Amino acid sequence: MQTELRNKAKELLAEKKVDLLIGYGPTETGAVGAVFITRPEDCEKLLWNDQCTTNLTVYLKRKEFKKHEKIAIVLKGCDAKALAVLEIEKQLNPENLIAIGMVCNGVLDDPANHGKDDRLAAKCAVCDVHEPPHCDIVIGTPSSQDAKPTAEERYRKLEQIMSLGVEERLEYWKKEFDRCFKCFACRQVCPMCYCDVCVADKNRPVRFDTSATTKGNFAWHIVRAFHLAGRCIGCSACSAACPAGIDLDLLNLSLAKAAEEQFGFRAGLDRETLPLVGTFSQEDSEEFIR
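Colleague: Quick one: what's the story with the packing of helix 8 (residues 214-227) against helix 10 (residues 249-263), residue by residue and with numbers?
Modeller: The N-to-C vectors of helix 8 and helix 10 enclose an angle of 35°; their axes lie 10 Å apart at closest approach. Handedness of the helix 8/helix 10 crossing: right-handed. Residue-level inspection shows His 221, Arg 224, Ala 225 and Phe 226 of helix 8 in contact with helix 10, the latter providing Leu 251, Asn 252 and Leu 255. Among the residues making up the contact of helix 8 with helix 10, the classes are represented as 4 nonpolar, 2 polar and 1 charged.

As structure tokens, then:
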């Protein structure tokens, strides 16, 4: 797959079909991260292995990349869902993109990496988009033996915390958020956080404490979770990026579960369905809507 990816990337750049390719490659620290390639001869840098964890769609929201006429981007299945949400929300023009989907059976699946980031590994264990949707090119062959996880399996991670009482859950989140020091890494790695000025940065008026207070931390994480309701595609980039080790997946997953159970909606699975928040249907199960 890596060889095929490199050959396809060379072809796209050599034939001037794109002027920039965003993919995975070695970084200065030696880790695998994002690389930005504009010359065919540099495509040998491209990598495809179980260390390709970054959701590269996060770069498409940055102004410095919007100057390129045509971009190719390498995507896993979960990343491709982000592309669909961004398209629906009119944040990108699909005609300016070539999406290269890589069939993925999970990142960090080498036993030597277990414990390095259990959250990403757990996310991959219940993934049902091994073959990336919405892509112009798909590299790799999905396994016909893969059984898609049930909804119950996809949300099993919530079982432990939802089994707690309200007061116990509040205490759990208080302890978690007390570790937050407002670095905003969760926001920076999220492809769905693309506001020019984030509500957390506004000072006229100040929406919530800008310093890392208990009240301010609760406000930040709860507001961000609601801003992602019906939009989060479950890539787990926020949890993986959090230097304090807060499992932000639990917040996003609980809202995703509510969206699926109450409205039959899952973000990013198709490019036609309008966003959950801001639209309604007579078929919605919530009686108060009618």
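Colleague: Go over the environment of Trp 220, please, and point to the residues and values.
Modeller: The residue Trp 220 is located in helix 8 in this model. C-alpha of Trp 220 to C-alpha of Thr 210: the two residues are 10 residues apart in sequence and 8.9 Å apart in space. Residue contacts for Trp 220: discarding those within four places in its chain leaves Lys 182, Phe 184, Cys 186, Arg 187, Cys 198, Ala 200 and Phe 208.

Colleague: Describe the nonpolar core, listing the residues and the values that go with them.
Modeller: In terms of nonpolar packing, the biggest core is built from 56 residues, with Leu 5, Ile 22, Leu 46, Leu 56, Leu 60 and Ile 100 touching the most fellow members. Looking at this core, the elements that each hand over two or more residues are helix 1 (2-14), strand 1 (20-26), strand 2 (32-37), strand 3 (71-75), helix 2 (77-88), strand 4 (97-102) and strand 5 (137-139). Per-element tally for this core: the top contributor is helix 2, with 6 residues. Contacts of Leu 5, omitting those with residues within four sequence positions, involve Leu 46, Leu 47, Trp 48, Val 74, Ile 100, Met 102 and Ile 139. The next biggest cluster of nonpolar side chains, apart from the first, holds 22 residues, and it includes Tyr 155, Val 199, Ile 246 and Leu 251.

Colleague: Help me get a handle on the sheet that holds strand 1, residues and values and all.
Modeller: Picture the strands of a sheet paired through backbone hydrogen bonds; they go either parallel or antiparallel. One open sheet accounts for 5 strands, arranged 2-1-3-4-5; its pairing is mixed. At either end of the open sheet lies a strand with only one pairing partner, and these are strand 2 and strand 5. If you compare each strand with its neighbour and ignore which way they point, the axes differ by 30° on average. Running over the sheet, helix 2 touches strand 1, strand 3 and strand 4 and is turned about 135° from strand 3.

Colleague: A description of the confidence of the model for the chain should follow, citing residues and the corresponding values.
Modeller: With 92% of its residues at a pLDDT of 70 or more, the chain has an overall mean of 87. Counting contacts from residues 110-116, a segment whose pLDDT is below 50, to residues more than four positions away or on other chains yields 8 contacts.

Colleague: Kindly report on the packing of aromatic side chains, identifying the contributing residues and their values.
Modeller: The final tally for this structure, using the stated rule, is 8 aromatic pairs. A ring pair is formed by Phe 36 and Phe 65, whose centres lie 5.1 Å apart and whose planes are at 40°; its orientation type is tilted. Of this pair, Phe 36 sits in strand 2 while Phe 65 sits in the loop between strand 2 and strand 3, placing them 29 residues apart in sequence. Ring centres of Phe 184 and Trp 220 lie 4.9 Å apart, and the angle between their planes is 85°; on these two criteria the pair is classed as edge-to-face. Of the two residues, Phe 184 is situated in the loop between helix 6 (166-177) and helix 7 (185-188) and Trp 220 in helix 8; the sequence distance between them amounts to 36 residues. Here Phe 184 and Trp 220 have matching classes, each one buried. One aromatic cluster is present, built from ring pairs that chain together Tyr 172, Trp 173, Phe 177 and Phe 218. Across from the ring centre of Phe 184, 4.5 Å away, lies the NZ or CZ of Arg 187, which sits over that ring.

The rules we used
Residues numbered from 1 in each chain as written. Predicted model: local features only at pLDDT ≥ 70, side-chain atom pairs only at ≥ 80, totals over all residues. Heavy atoms only, no water. Axes fitted to C-alpha atoms, helices over the stretch in contact; angles between N-to-C directions. Helix = DSSP H or I, 4+ residues; strand = E, 2+ residues; numbered from the N terminus. Left-handed = near helix turned anticlockwise from the far one by under 90°. Contact = heavy atoms within 4.5 Å. Nonpolar A, V, L, I, M, F, W, Y, C, P; charged D, E, K, R; others polar. Core = buried A, V, L, I, M, F, W, Y, C linked by side-chain atoms within 4.5 Å. Buried < 20%, exposed > 50% of the residue type's maximum accessible area, 1.4 Å probe, protein only. Pairing = 2+ DSSP bridges. pLDDT = per-residue confidence, 0-100. Phe/Tyr/Trp six-rings, centres within 6.5 Å; stacked < 30°, edge-to-face > 60°. Lys NZ or Arg CZ within 6 Å of the ring centre and 35° of its normal.

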